[in-house]
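What the coordinates show
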Amino acid sequence: MKHLTLTLLAAAVIAAPSAAQVTGEGTTRCGDYGQPAADMPEEFSQFAFIIGDFNVGLRTWDAEAGEWGEAPYYARWNGYYGMGGRAIIDEWFDPGFGYREQSGVGINVRIYDQDAGLWKTAWQHTGSPGVSELYQEVREDGLLWLWQVYPEIPEQNVYFETFSPDHWGRITRVRDPESGEWVNSRLLDAVRVTCPAPE
């Protein structure tokens, strides 16, 4: 029985990376991610967790189990410093991009507005008609909150949480129609990709 358990565990470990590889070639940067410009304020480090290559599981909240469900799909999210280290640019590749025709791509350009004390982000996706404007700020609870200002989306409840240096999430909550309380809805669960050693 012990041998069977170890065999199944080993099989799961071997299978896990291939299950997460659901975007095609060319969706991993695994290269120079740049550096922040020397004169950037300390707050510029608030989005440092997003720098790198990440597999992103799209997970929904299982209220009955009280936990996040398994991810049926994985996307790719890559972040790097751009514009001379004065912005953070991150690329999004939908699940199946590279071999599924309807899968799209998106890009965020994040700039920290020191006077306003928040991040101003432009988001564009191949499946959307225009550019969306998003704001983000760290609030008293220490979390990095996000809301959309154009086109305006009322009552968003979205925040980023860092679980470890190689694992973070973007969590969306919605109002429970009965209680009016905010409850978990969706997690973009990002785990760092292991890049091959440079030759």
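See the structure shown above.
Summarised in this report is the structure supplied together with it. Nothing here was measured: the structure is a model prediction, and the numbers come from that model.

With that settled, consider the side chain of Q136. Summarising the element assignment, Q136 is placed in strand β7 (residues 132–138). The class of Q136 is buried, set by a relative accessible area of 0%. Within the local environment of Q136, its side chain forms a polar contact with the side chain of R110, the two groups lying 2.8 Å apart. A polar side-chain atom of Q136 sits 3.5 Å from the main-chain carbonyl oxygen of L134.

Note that strand β9 (residues 158–164) and strand β10 (residues 167–175) share six bridges and pair antiparallel. Within β10, the residue paired with S164 across the bridge is H167. Between β9 and β10, which pair antiparallel and follow one another directly, the connecting turn spans two residues. Inspection of the sheet shows β10 paired to strand β11 (residues 182–192) by nine bridges, in the antiparallel sense. Paired with G169 across the strands is D189, a residue of β11. Turn length for the β10-β11 hairpin, with the two strands adjacent in sequence and antiparallel, is six residues, and the turn residue G180 shows positive phi of about 80°.

In terms of strand pairing, strand β1 (residues 52–62) meets strand β3 (residues 74–82) through six bridges, oriented antiparallel. By the bridge assignment, G57 is partnered in β3 with Y74. By the bridge criterion, seven bridges tie β1 to β11 in an arrangement that is antiparallel. When the bridges of β11 are listed, G57 appears paired with D189. Relative to strand β2 (residues 67–68), β1 runs antiparallel, the two being bridged by two bridges.

Applying the stated rule across the entire model yields seven salt bridges. Here D39 and R86 are joined by a salt bridge, their closest N and O atoms 2.7 Å apart. Here D39 is found in the loop between α1 (2–20) and β1, whereas its partner R86 is found in the loop between β3 and β4 (87–93), with 47 residues between them in sequence. Given a relative accessible area of 53%, D39 falls into the exposed group. Between D166 and R192 there is a salt bridge; the shortest N-O distance is 2.6 Å. Residue D166 is located in the loop between β9 and β10, and its partner R192 is located in strand β11; the two are separated by 26 residues in the primary sequence. Given the relative accessible area of 38%, D166 is considered partly exposed. R192 sits in the partly exposed class, given a relative accessible area of 29%.

Scoring rules and cut-offs
- Residues numbered from 1 in each chain as written.
- Predicted model: local features only at pLDDT ≥ 70, side-chain atom pairs only at ≥ 80, totals over all residues.
- Heavy atoms only, no water.
- Helix = DSSP H or I, 4+ residues; strand = E, 2+ residues; numbered from the N terminus.
- Buried < 20%, exposed > 50% of the residue type's maximum accessible area, 1.4 Å probe, protein only.
- Polar contact = N/O pair within 3.5 Å; in protein donor to acceptor, adjacent residues only side chain to side chain.
- Pairing = 2+ DSSP bridges.
- Salt bridge = Lys/Arg side-chain N within 4 Å of Asp/Glu carboxyl O.

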